[in-house]
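Close look at the chain arrangement
Next come the chains, spelled out residue by residue.
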Amino acid sequence: MPELPEVETIKNDLRDQLVGCTFTSVWLLWPGMVLQPGAEELKSRLVGQKVMEVGRRGKYLILHLSGGEALVIHLRMSGALLLRASPTPPDGHTRAIFGLDNGQELHFWDRRKLGTMALVADENQLTARLGPEPLEESFTPEVLAGVLKRHKAPLKVVLLDQMAIAGIGNMYADEALFAARIHPLRPANKLSGDEMEHLHRAIRQVLLAGIKGRGASVDTYRDAAGEEGTAHLQFKVAHRGGQPCPVCGVSIQRLPLRGRGTYFCPRCQAEPAEI
DNA sequence: CCCGGAACCTGAAGGC
DNA sequence: TGCCTTCAGGTTCCGG
């Protein structure tokens, strides 16, 4: 699933290969993915525009265009952006193909059709409500403490809240809580100062490791060249229910929380009595 | 306002 | 073999 490290990897790949290219055609095989404007209007407005820069905010990819607009893409659960030689035919999961003036095509591939894109004058329209970027210098332990103090929900729920902190998803939330040795059900506003410092370090460490591994291919994730990442090979608890904890050997548990699987070590992340 | 669940989607995997 | 249920989970929407 594309989370911050996966989207960051794709962003870096696309920045290298897409900046300076002009869109020559747009083929929408699944028009339902276009949030705004309409599918036909997106086509006509996109063709002829050049990609000036590629950015990321949370899990959103942002293509800044020569006309001043931005193409904002969200891959959700199963989306991928693949650079292919032109022409490459679509397969059953290809949702859009963008022709480029350098002999390549950009394919939006999405098995579950949950991904979206929008052509907007100002990307803030979609990203304004997002919380702080956890890898920026400005994301200090004090900033994290301020976020956690505002929420009494379980920590795992707050880490997944994009308006609290941007970019963390299910896998890296579990990994960060394990790295900090904190139970996922602990109320966010009840952490000690030490625990908040540990969690701050853990969040940055697992996200940076994810980027270094070029993302985690636990499901359909691929980079822009279609290659798998290796970050999931370093995972300690995420998607490892029933396997032994790499630190203490106790069986990793799976806890259903808000409809999501939460993986943790019941010994290393012990639940305090007062919870 | 807060919280939890459903809906959006498809495919893999497991039970019977 | 085949049908049914569950799991996978990012985001938005809706009801209590």
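Refer to the structure printed above.
Description of the structure in this document. (Residues numbered from 1 in each chain as written. Chains lettered and ligands numbered in written order. Predicted model: local features only at pLDDT ≥ 70, side-chain atom pairs only at ≥ 80, totals over all residues. Heavy atoms only, no water.)

It is the contact of helix α1 (residues 4-18) with helix α7 (residues 193-212), at a shortest axis distance of 8 Å, that shows an interaxial angle of 40°. In terms of orientation, α1 lies oblique with respect to α7. The two elements α1 and α7 meet at a crossing, and its hand is right-handed. For the pair α1 and α7, contact is made by L4, P5, E8 and T9 and by L207, G210 and I211, respectively. (Axes fitted to C-alpha atoms, helices over the stretch in contact; angles between N-to-C directions. Helix = DSSP H or I, 4+ residues; strand = E, 2+ residues; numbered from the N terminus. Parallel < 35°, antiparallel > 145°, perpendicular 65-115°, else oblique. Left-handed = near helix turned anticlockwise from the far one by under 90°. Contact = heavy atoms within 4.5 Å.)

Reading across the sheet, the five strands line up as β2-β9-β5-β4-β3 and stay open at both edges, with mixed pairing between neighbours. The sheet terminates laterally at β2 (34-36) and β3 (51-57), the two strands that pair on one side only. Within this sheet the neighbouring strands show an average axis-to-axis angle of 20°, counted without direction. The pairing of β3 with strand β4 (residues 60-65) spans six bridges and is classified as antiparallel. Among the inter-strand pairings, V51 is bridged to a residue of β4, identified as L65. Contacting β3 and β4, α1 runs over the sheet at an angle of about 170° to β3. Strand contacts of helix α2 (residues 39-46): β2, β4, β5 (70-74) and β9 (116-120), with the helix running at about 60° to β9, the strand carrying the most contacts. (Pairing = 2+ DSSP bridges.)

With that out of the way, let us pick up the sheet that holds strand β1 (residues 23-28). Pairing in this open sheet of four strands is antiparallel, and the strands run β1-β7-β8-β6 from one edge to the other. The open sheet has two free edges, formed respectively by β1 and β6 (79-85), since each of these has just one partner strand. Along the sheet, successive strands turn relative to each other by an average axial angle of 20°, direction set aside. Across five bridges, strand β7 (residues 94-100) lies against strand β8 (residues 104-110) in antiparallel orientation. Each residue of the ladder has a partner; that of I97, found in β8, is H107. Running over the sheet, α1 touches β6, β7 and β8 and is turned about 25° from β6. Across the sheet, α2 touches β1 and β7, and the angle it forms with β1 is around 165°.

Now for the protein's contact with DNA strand C. In the vicinity of DNA strand C there are 18 residues, among which H74, M77, H239, R254 and R260 approach most closely. Each atom of DNA strand C within 4 Å of the protein was assigned to sugar, phosphate or base; sugar and phosphate come to 62%. Interatomic distance of 3.0 Å between a backbone N/O atom of N170 and a phosphate oxygen of DNA strand C. Of the residues forming the surface near DNA strand C, the biggest block, three residues, is contributed by strand β11 (residues 260-264). Per-class residue counts for the surface near DNA strand C are six nonpolar, six polar and six charged. (Near = heavy atom within 4 Å. Polar contact = N/O pair within 3.5 Å; in protein donor to acceptor, adjacent residues only side chain to side chain. Nonpolar A, V, L, I, M, F, W, Y, C, P; charged D, E, K, R; others polar.)

Let us look at the environment of E195. Assignment of secondary structure puts E195 in helix α7. As for E195 and A145, which are separated by 50 residues in sequence, their C-alpha atoms are 10.0 Å apart. Beyond its immediate stretch of four places on either side in the chain, E195 contacts I182, R186 and K190.

Our focus in this paragraph is the pairing of β5. Among the five residues that make up β5, five are buried, leaving the element largely enclosed by the rest of the structure. The side-chain alternation of β5 yields two buried faces, one formed by A70, V72 and H74 and the other by L71 and I73. Pairing analysis gives five bridges linking β4 to β5, with the strands arranged antiparallel. The partner of I62 across the bridge, within β5, is V72. Inspection of the sheet shows β5 paired to β9 by five bridges, in the antiparallel sense. Counterpart to A70 in the pairing with β9 is V120. (Buried < 20%, exposed > 50% of the residue type's maximum accessible area, 1.4 Å probe, protein only.)

Quick look at helix α4 (residues 141-149) now. Residues L144, A145, V147 and L148 constitute the buried set of α4. End-on, the buried residues of α4 take up no more than an arc of 160°, which puts them together on one face. Opposite the buried face of α4, at more than 90 degrees from it, the exposed residues are E142 and K149. Buried residues along α4 sit in contact with α5 (155-160) and α7. (Arc of directions from axis to C-beta.)

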